[in-house]
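Structural overview
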Amino acid sequence: MTMKTAALAPVVAAGLVLGAAGWAAGDQAAAPGRTADGRAAGEQRSGHVAAKAGYPEGVVLSKSGLNVRSKPTVYSKTVKTLKPHQKVLLNCQKRGGWVQGNPVWYRLQNVNGWVSARYVHNLKPVRAC
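Description of the structure in this document.

**Considerations on the overall build of the protein**
Within the protein, the regular secondary structure consists of one helix and seven strands. Overall, the protein shows an N-to-C arrangement of helices and strands of α-β-β-β-β-β-β-β. Burial statistics for the protein: of 129 residues in total, 25% are counted as buried. For the protein, restricting intrachain contacts to residue pairs at least 6 apart in sequence, the fraction spanning at least 24 positions comes to 51%. Here the protein displays about 8,900 Å² of accessible surface, and carbon together with sulfur accounts for 59% of that area.

Structure representation (structure tokens):
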């Protein structure tokens with residue numbers, strides 16, 4: 001062992017031990033019936049969509065309303081309009097009509113319709129339809 005290696009060994013070992021204790025000490029269990037951020041179990045934060053198991057969320061990026069279409073193309077009928085920054089549940093994705101260089105469309109979970117991925121930011125990966 002060189003002099004530098006011998007001098008660093010106790011420091012590295014201490015750092016690993018302290019680092020492990022620090023992570024363990026940082027974990028705080030939530031009170032029974034409460035979530036980690038203090039909400040009652042099952043309670044939603046205001047303005048959030050309750051995510052069903054298995055469905056990723058998305059956020060509307062358009063500056064004005066975003067049209068939900070009956071088919072994944074801008075030529076199909078509008079069935080609903082979403083508000084800017086609104087959270088939505090995404091069921092699956094499919095290629096459709098191109099919107100500003102993006103051919104991907106998301107099928108919404110709670111609405112029978114499609115939105116262009118150009119105007120929705122998916123917060124988790126979305127499965128193919």
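**Comments concerning the state of the cysteines**
Within this structure, the stated rule accounts for one disulfide. Covalently, Cys92 is tied to Cys129 through a disulfide, its sulfur atoms 1.9 Å apart. The S-S bond linking Cys92 to Cys129 shows a torsion near 85 degrees; that makes this disulfide right-handed. Of this pair, Cys92 sits in strand β4 (residues 87-99) while Cys129 sits in the segment after β7 (120-122); the two residues are 37 residues apart in sequence, bridging distant segments of the chain.

**Some points on unusual backbone geometry**
A positive phi angle, near 70 degrees, is found at His85, a position not held by glycine. Note that His85 resides in the loop between β3 (78-82) and β4. Of note, the phi angle at Gln100 is positive, near 45 degrees, even though the residue is not glycine. Summarising the element assignment, Gln100 is placed in the loop between β4 and β5 (102-108).

**Some thoughts on the packing of aromatic side chains**
All chains considered together, the criterion is met by zero aromatic pairs. Over the aromatic face of Tyr119 sits the side chain of Arg118, whose NZ or CZ is 5.2 Å from the ring centroid.

**Remarks on the pattern of salt bridges**
Enumeration according to the criterion identifies one salt bridge in this entry. In this structure, Lys87 and Glu57 form a salt bridge, with 3.8 Å as the shortest nitrogen-oxygen distance. Of this pair, Lys87 sits in strand β4 while Glu57 sits in strand β1 (residues 57-60), and the two are 30 residues apart along the sequence. We note that Lys87, like Glu57, is buried.

**A few points about the nonpolar core**
A general trend in soluble globular proteins is that nonpolar side chains are found buried together. Ranked by internal contacts, the top residues of the largest apolar core, which has 13 residues, are Leu82, Leu90, Tyr106, Leu108, Val115 and Val120. Mapped onto this core, the elements with two or more residues apiece are β2 (66-69), β4 and β5. Dropping the residues within four chain positions of it, Val115 is found in contact with Leu66, Asn67, Val68, Leu82, Trp105, Tyr106, Leu108 and Val120.

Reading the values: rules and limits
- Residues numbered from 1 in each chain as written.
- Predicted model: local features only at pLDDT ≥ 70, side-chain atom pairs only at ≥ 80, totals over all residues.
- Heavy atoms only, no water.
- Helix = DSSP H or I, 4+ residues; strand = E, 2+ residues; numbered from the N terminus.
- Buried < 20%, exposed > 50% of the residue type's maximum accessible area, 1.4 Å probe, protein only.
- Contact = heavy atoms within 4.5 Å.
- Areas by Shrake-Rupley, 256 points an atom, 1.4 Å probe, with all protein chains shown as cover.
- Disulfide = S-S within 2.5 Å.
- Phe/Tyr/Trp six-rings, centres within 6.5 Å; stacked < 30°, edge-to-face > 60°.
- Lys NZ or Arg CZ within 6 Å of the ring centre and 35° of its normal.
- Salt bridge = Lys/Arg side-chain N within 4 Å of Asp/Glu carboxyl O.
- Core = buried A, V, L, I, M, F, W, Y, C linked by side-chain atoms within 4.5 Å.

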